[in-house]
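Residue-level listing of the chains:
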Amino acid sequence: MSDDIVNIEVDGEAVEARRGQMLIEVTDAVGAYVPRFCYHDKLSVAANCRMCLVEVEKVPKPMPACATPVGEGMKVFTKSPKAIAAQKATMEFLLINHPLDCPICDQGGECELQDLAIGYGRDVSRYNDGKRVVKDKDIGPLVSTDMTRCIHCTRCVRFGEEITGKPQLGTTDRGENMKIGTYVEQSVDHELSANIIDLCPVGALNNKPYRYSARAWEMAQHATVSPHDCVGSNLYAHVLRGTVKRIVPRANESINESWIADRDRYSYEAIYSGDRLMRPRVKENGAWRDVDWEGALAQAADVLKSADQDKVALIATPAVTVEEGHLLSQIADHLGTANIDHRVGRRDVSDQDNDPMYPSLGCSIAEIEQHDAILVAGSNVRAEAPIIAHRLRKAAVAGAAISFANSSVYEYLFDVANYLSGAGLVELLAGVAVAAADGNSLPDSVTELCDGVTASGAHKDVARSLAEADRAIVLLGNIAGRHASYTAVRALAAAIAELTGASFGGLSEGPNSAGACLAGVLPHRAQGGENRVTAGLDVASMLAQAMDAVVLVNVEPDADIHAATDAVARLAEQAFVVALTPFVSDALLEAADLLLPTGTFAETSGTYVNVEGTWQSFSGVASAVGEARPTWKVLRVLGNLVDAPGFDYVTSVDVRDEFVARLGEISTSNAYEASGRIAKVNGADAPANDIDIPLYSVDALVRRATALQLTDEAQRARAVSDG
Amino acid sequence: MSYVLSGHVRDEIEHWKARFPEGRQRSAVISALHAIQHENHGYVTAEQMNAVAEYLDLPTIQVYEVATFYSMFQTEEVGRHNVAICTNISCMLRGADDIVEHVESKLGITTGESTGDGRIYLKKEEECLAACCGAPMMMVDHKYHENLTTDQVDEILDGLD
Ligand code: SF4
Ligand code: FES
Ligand code: FES
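Analysis parameters
- Residues numbered from 1 in each chain as written.
- Chains lettered and ligands numbered in written order.
- Predicted model: local features only at pLDDT ≥ 70, side-chain atom pairs only at ≥ 80, totals over all residues.
- Heavy atoms only, no water.
- Pairing = 2+ DSSP bridges.
- Helix = DSSP H or I, 4+ residues; strand = E, 2+ residues; numbered from the N terminus.
- Axes fitted to C-alpha atoms, helices over the stretch in contact; angles between N-to-C directions.
- Contact = heavy atoms within 4.5 Å.
- 1 Å grid on protein atoms, 1.4 Å probe; cavity = no way out; pocket = protein on both sides within 12 Å on 5 of 7 lines; lining within 4 Å.
- Points joined across faces, edges and corners; volume = space filled by probe spheres on them.
- Nonpolar A, V, L, I, M, F, W, Y, C, P; charged D, E, K, R; others polar.
- Buried < 20%, exposed > 50% of the residue type's maximum accessible area, 1.4 Å probe, protein only.
- Polar contact = N/O pair within 3.5 Å; in protein donor to acceptor, adjacent residues only side chain to side chain.
- Near = heavy atom within 4 Å.

Caption draft 1: Main features of the sheet that holds strand 19 (residues 418-420) of chain A. Residue and element names in this part refer to chain A. With parallel pairing, five strands are arranged side by side in an open sheet as 19-18-17-20-21. Because the sheet does not close on itself, it has two edges, and the strands there are strand 19 and strand 21 (503-506). The mean angle between the axes of side-by-side strands here comes to 15 degrees, regardless of whether they run parallel or antiparallel. Docked against the sheet, helix 14 (residues 486-500) engages strand 17 (373-377), strand 20 (472-476) and strand 21, running at close to 175 degrees with respect to strand 20.

Spelled out as structure tokens, the structure:
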């Protein structure tokens, strides 16, 4: 090991460094600041801006710290007259062609170029000639361009090549004519594309919807968590007088690193959509009228209290927070019903007693890239969880064999080891299971499913890559979770994992499937995973029966419920439907009888438990729109009105703390044990039409974010669904 | 409509691809563009660049970068004969500027333009072509002509179809 350590000196201080490390990593680690533009710790070294020049003893010329490997005995001076002179000279050249239009630039106040120009620039320019002007490009609805400001650091270009694997921006022409662009006009579209806004050290690439709407220094920054997928990417909301103006990443190496998905960044637009429900409304004889909160809540409570306890249904989505889930399941308990569920996307609940305590990935998010072989089954993972897809790509680039088993073929921007497709998921996985057994016996649960199945060469390749890997995992995606024969799919995937020695896990739906399960928003399990004495009805069964009262918690019945068909029509037939919802839609107007306006994720506090089991609490960041109230507060009042005991919480933290105190030990085990031999699926293997939810249709917010809906991706998806 | 590479161009690309290690097919972009430009009478279009990218399994931008970087590739339509008069130091000392002026007035265009009949493209600027000992010189469709006089230039240009 000691061979790998070299001793160097930074500004007179002795420092140990790893051999081969670049100087800038060492100076950063000891806090000796070196200015830079092109260097970025997530990207390859380009060394093209020359801002990081430092003096190295015995080297005649200043050296770029980002591209100079450390060597034994090296003496580095980051602030010597020679270093400073070199940095200042670079700055002067960089500013020659820069328009210096900071007063009209959105980047002003948070610009690396502006900051360094103050530190290293001259106060008067010596340059009297004409400056170059570069035409702006239209690269789509998310990112605005002011290319004259570009300093050619190529961070955005390297991002496309190295992070997304879809290079669209490049450097065309040369010399003074060199420019960053796409050459042929096209929108830069990848689910992570807008991260180039944060990477760009100047104001060349900026946030298009946010353009000219606020100044960095007038906004307050509040931490929050993404509500769109099972990752729970860490975010900052930038808020001006109670209004969210934009969302940026909050770095968290173990979850989202420094990236966020485009939908995490732009879904805030939906908070201010024209669809917001501004005050409570009630339907009387088919006509809607506004009512006050007091009257609306009293009516909801009356309906719940007078309902037959077996005929009360409570439906949430996996976006329900832990706190909301806790309140909801206590209300259900108090009313004496177990008809409570959040699994609006799950068609097959027949095997629910064998579910793990909560759905989990089977490893941490960061560990994905440490696997040598991964089988992803039943997942359009780039749409389901863009950050997980990015981790998979990192694993592939590092040499892992990533295989897919999907009925449809999705594009992946890395070398895929094997792509099994063209059949139903059960059929595909049965082939791999047979290959994995390799003549030995299969787990009893899947023997019938695998009866008569022969393994093809591709099935064998997949099984072999899992079996031979030091570390392998089988991951089921959301498409698997929505499959009509999820029981069979899961048993087969678990069998493959068992036979190949791989671990087993999956992506869950929404931001808080895990928290909803723990909180007991399930018909068959109470809080903490205890089996209920008598199981209640799942979503589809609730809708199929005549209920006295149905409560929808932030559910859009037309778009969120895949567990049942015709959800809107079935709800419309129910005696009384109360919908807690931030948005009003034709479907809700048809399905519901009482609408209670609730806040979006930005207007409420809460906690999500992500797919690796990390609890992340957040506070409300924005003022409520209209008369919307946080869902947990609405449920608290409703609980009080139906006389549920102990509903005297003051803050959402009280709710969470009470829940955590009641929660016993949490089992993270993903071990799957079937209840017996699973029967052949006979035709239930064809993918349903709505089984694959497009990137920008996953939830009510994303569906209403204008910029996201303008992307090519969203338009393509619409064209497909329109026929 | 996507452009279909001719058999000749494909052979040419394969020939060059074989000279580089596997996975380094990006190295064959220059040769591919040369072959296409030759077939296409002096310039390459975006569709053709896309076809090269597809054939070599590269992102299109990587082909655009190469095509726009090198001055020997024309990315706009130009005349079918490429006339490049060296104006670098040796040729300049030996009267290159006079040659340029002569050609410009003879053809009625300035450097960087093509004649209206699509016959000749007069290259914007040409740097030293490593034929200094024969200065002044010009290159016409890859062929070097050295020790030029205006009479010789006339003869060469008039001989182009
Ligand atoms: S646009 Fe921004 S990130 Fe891209 S090269 Fe220019 S300065 Fe760098
Ligand atoms: S940061 Fe080192 S050269 Fe740009
Ligand atoms: S200067 Fe003209 S060929 Fe060298």
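Resuming the write-up.
Caption draft 2: Summary view of the layout of surface pockets. Space inside the second largest pocket adds up to approximately 850 Å³. Lining the second largest pocket are 28 residues; nearest its centre among them are D173 and N177 of chain A together with T68, S71 and K124 of chain B. In terms of residue count, the dominant contributor to the lining of the second largest pocket is helix 4 (residues 60-69) of chain B (three residues). For the lining of the second largest pocket, the residue count by class is eleven nonpolar, six polar and eleven charged.

Caption draft 3: Highlighting the pairing of strand 25 (residues 606-609) of chain A. All names here are of chain A. Side chains of strand 25 alternate between two faces, with G606 and Y608 and T607 and V609 buried alike. In this sheet, strand 26 (residues 615-618) lies alongside strand 25 in antiparallel orientation, the contact comprising four bridges. The residue of strand 26 that forms the bridge with Y608 is Q616. Between the antiparallel neighbours strand 25 and strand 26 lie five residues, among them G613 with a positive phi of about 90 degrees.

Caption draft 4: Main features of unusual backbone geometry. Residues A135 of chain B and P136 of chain B are joined by a peptide bond in cis, for which omega reads -5 degrees. With respect to the helices and strands, P136 of chain B occurs in the loop between strand 2 (120-122) and strand 3 (138-140). Phi at Y183 of chain A takes a positive value of approximately 70 degrees, unusual for a residue other than glycine. Of note, Y183 of chain A is situated in the loop between strand 8 (179-181) and helix 5 (195-199). Of note in this structure, N147 of chain B is not a glycine but carries a positive phi near 45 degrees.

Caption draft 5: Main features of the side chain of R382 of chain A. All names here are of chain A. Secondary-structure assignment places R382 in helix 9 (residues 381-384). A distance of 2.7 Å separates polar atoms of two side chains, one belonging to R382 and the other to E191. Among the polar contacts listed, one links the side chain of R382 to the backbone oxygen of E411, at a separation of 2.9 Å. Not counting chain neighbours up to four residues away, the residues in contact with R382 comprise H190, E191, A389, E411, Y412, L413 and L695.

Caption draft 6: Spotlight on the site of ligand 1. The local shell around ligand 1 holds 13 residues, among which C150, C153, T154, C156 and C200 of chain A are the closest. By residue class, the composition of the shell around ligand 1 is eleven nonpolar, two polar and no charged.

Caption draft 7: Quick look at the environment of Y120 of chain A. Residue and element names in this part refer to chain A. Here Y120 shows up in helix 3 (residues 112-120). Under the relative-accessibility criterion, Y120 is labelled buried at 13%. The spacing of Y120 and I84 is 36 residues in sequence and 8.0 Å in space, taken between C-alpha atoms. Sequence-distant contacts of Y120, defined by excluding residues within four places in its chain, comprise Y33, P35, M51, I84, Q87, K88 and M91.

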